[in-house]
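# Summary of the model geometry
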Amino acid sequence: MKKLFKLALMLITVCLLTIGAPEIARAEGAQQAFKTVAVTDGNNRGAATLYGSGDNYITDLKVRVEFKNHAPYEIALEDGYSPFIAALDFGAEDKLLFCSSQTGGSGGYGNYRIYRVKTDSYQLLYDDKTDSKAYTYRARFLIGGFMDIYDCTTENDLIVHVGYMDGSFYDRIFNADGSLTGEQPYVNAVSFVSPALNPASGVYRLITYRSVAAVAEVNRLGYIVNTLDFDGKAFTPSFTEFSIKL
């Protein structure tokens, strides 16, 4: 009788553990709210909340937008580290929703988007992947230790002397007499995007960075830095410069 009782108790314990396991798994995979910001559509006020799953690399990233007396909707975002949202004044009628996450890969790349949110819909106004394709640049070395950066959109170029680069890489690009060995630089896609407040107007602009490298990715010669302003419909470059450091 005692043996039967012990066996029955063991079976009950196993059943309880088995029943509880799926509940624990669901709790671990449950989405959590990372941040909520206030949004507006004219006189309508609402909230946008960033959700995702995980403690480090966040998956299933999305923004849930809710306006009073309107059905909520969701905007799917790209997974990544350190997800972030902010409602910023870019000069539009209402603040726009800036969203970002980091890929964690080499090169320090991130995912960046800006949305206009309405009571029952949304519009994508900026995406770093689209930006990389819409505005393109070429780079080439010139004899004597120079590099030419060409803006394919404006057809303007900038000449930079690259004598500051590490000597081991410099010698693989330029011969002792200043002639070229054949190695050429390359321009990467947009890797970093940052809103920047114009203190004079109180309006934000976008600053984007594309790295220029040669021979190896570690040999970064600098960054093509674009300042973009919102014209009411899209973000377009208003100023371009070259920075040796980020």
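Residues numbered from 1 in each chain as written. Predicted model: local features only at pLDDT ≥ 70, side-chain atom pairs only at ≥ 80, totals over all residues. Heavy atoms only, no water.

With that settled, consider the overall build of the chain. Each helix and strand counted, the chain has three helices and 15 strands in total. Taking all 246 residues of the chain together, 36% fall into the buried category. Contacts in the chain between residues far apart in sequence, at least 24 positions, make up 39% of those at least 6 positions apart. Summed over all atoms, the accessible surface of the chain reaches about 14100 Å², with 55% contributed by carbon and sulfur. (Helix = DSSP H or I, 4+ residues; strand = E, 2+ residues; numbered from the N terminus. Buried < 20%, exposed > 50% of the residue type's maximum accessible area, 1.4 Å probe, protein only. Contact = heavy atoms within 4.5 Å. Areas by Shrake-Rupley, 256 points an atom, 1.4 Å probe, with all protein chains shown as cover.)

The next thing to look at is the nonpolar core. If you look at the biggest cluster of nonpolar residues, it comprises 18 residues, and the most contacted ones within it are Val63, Val65, Ile75, Leu77, Leu97 and Val117. Put simply, the parts of the chain that give this core at least two residues each are strand E1 (32-41), strand E2 (44-53), strand E3 (59-67), strand E4 (73-76), strand E5 (81-88), strand E6 (96-102) and strand E7 (110-117). Considering each element in turn, this core owes the most residues, four residues, to E3. Among all residues touching Val63, those that are not within four sequence positions of it are Ala48, Thr49, Leu50, Tyr73, Glu74, Ile75, Leu77, Ile85, Leu97 and Cys99. (Core = buried A, V, L, I, M, F, W, Y, C linked by side-chain atoms within 4.5 Å.)

Structurally, the position occupied by Lys233 is in the loop between strand E14 (216-230) and strand E15 (235-243). Since its relative accessible area comes to 71%, Lys233 is described here as exposed.

Sheet architecture is open: three strands sit in the order E9-E10-E11, paired in antiparallel fashion. Bordering the open sheet on either side are strand E9 (137-142) and strand E11 (156-161), each of which pairs with just one other strand. Adjacent strand axes in the sheet meet at a mean angle of 20°, parallel and antiparallel pairs treated alike. In this structure, strand E10 (residues 146-151) lies alongside E11, joined through six bridges in antiparallel fashion. Note on E11: the bridge partner recorded for Asp148 is Ile159. (Pairing = 2+ DSSP bridges. Axes fitted to C-alpha atoms, helices over the stretch in contact; angles between N-to-C directions.)

A word on the packing of aromatic side chains. On inspection of all chains with the given rule, the structure shows 14 aromatic pairs. Here the aromatic rings of Phe84 and Phe98 are separated by 6.4 Å at their centres, their planes lie at 65°, and the arrangement is edge-to-face. Note that Phe84 is positioned in strand E5 and Phe98 in strand E6, a separation of 14 residues in sequence. With a centroid separation of 6.2 Å and an interplanar angle of 90°, the aromatic rings of Tyr112 and Phe192 are classed as edge-to-face. Of the two residues, Tyr112 sits in strand E7 while Phe192 sits in strand E12 (residues 186-198), which places them 80 residues apart along the sequence. Accessibility expressed as a relative area gives 2% for Tyr112, which makes it buried. The class for Phe192 is partly exposed, based on a relative accessible area of 32%. By the ring-pair criterion, three or more aromatic residues cluster together here, those being Phe84, Phe98, Tyr112, Phe192, Tyr209 and Tyr223. (Phe/Tyr/Trp six-rings, centres within 6.5 Å; stacked < 30°, edge-to-face > 60°.)

As paired elements, E9 and E10 share six bridges and run antiparallel to each other. Opposite Tyr137, over in E10, you have Asp151 as the bridge partner.

Glancing now at the pattern of salt bridges. Scanning the model with the defined rule gives 12 salt bridges in all. Taking the shortest distance from any N to any O, the salt bridge between Lys129 and Glu78 comes out at 3.5 Å. Pair noted here: Lys129 is in helix H2 (residues 128-134) and Glu78 is in the loop between E4 and E5, with a separation of 51 residues, a long-range link. One salt bridge connects Arg113 with Asp127, and the closest N-O pair in it is separated by 3.5 Å. Here Arg113, found in strand E7, pairs with Asp127, found in strand E8 (residues 122-127); they are 14 residues apart in sequence, far enough to count as distant. (Salt bridge = Lys/Arg side-chain N within 4 Å of Asp/Glu carboxyl O.)

Reading across the sheet, the four strands line up as E5-E6-E7-E8 and stay open at both edges, with antiparallel pairing between neighbours. The open sheet has two edge strands with one neighbour each: E5 and E8. Between one strand axis and the next, the sheet turns by 20° as a mean value, whatever way the strands run.

So, on to the confidence of the model for the chain. Confidence in the prediction for the chain averages 88 pLDDT; 87% of positions are at 70 or higher. Note that pLDDT drops below 50 for residues 1-28; the model gives that stretch zero contacts with residues more than four away or on any other chain. (pLDDT = per-residue confidence, 0-100.)

To continue, consider the side chain of Asn219. By the secondary structure assignment, Asn219 is in strand E14. By relative accessible area, Asn219 is classed as buried at 5%. Those residues in contact with Asn219, other than ones at most four positions away along the chain, are Met165, Phe169, Val212, Ala213 and Ala214.

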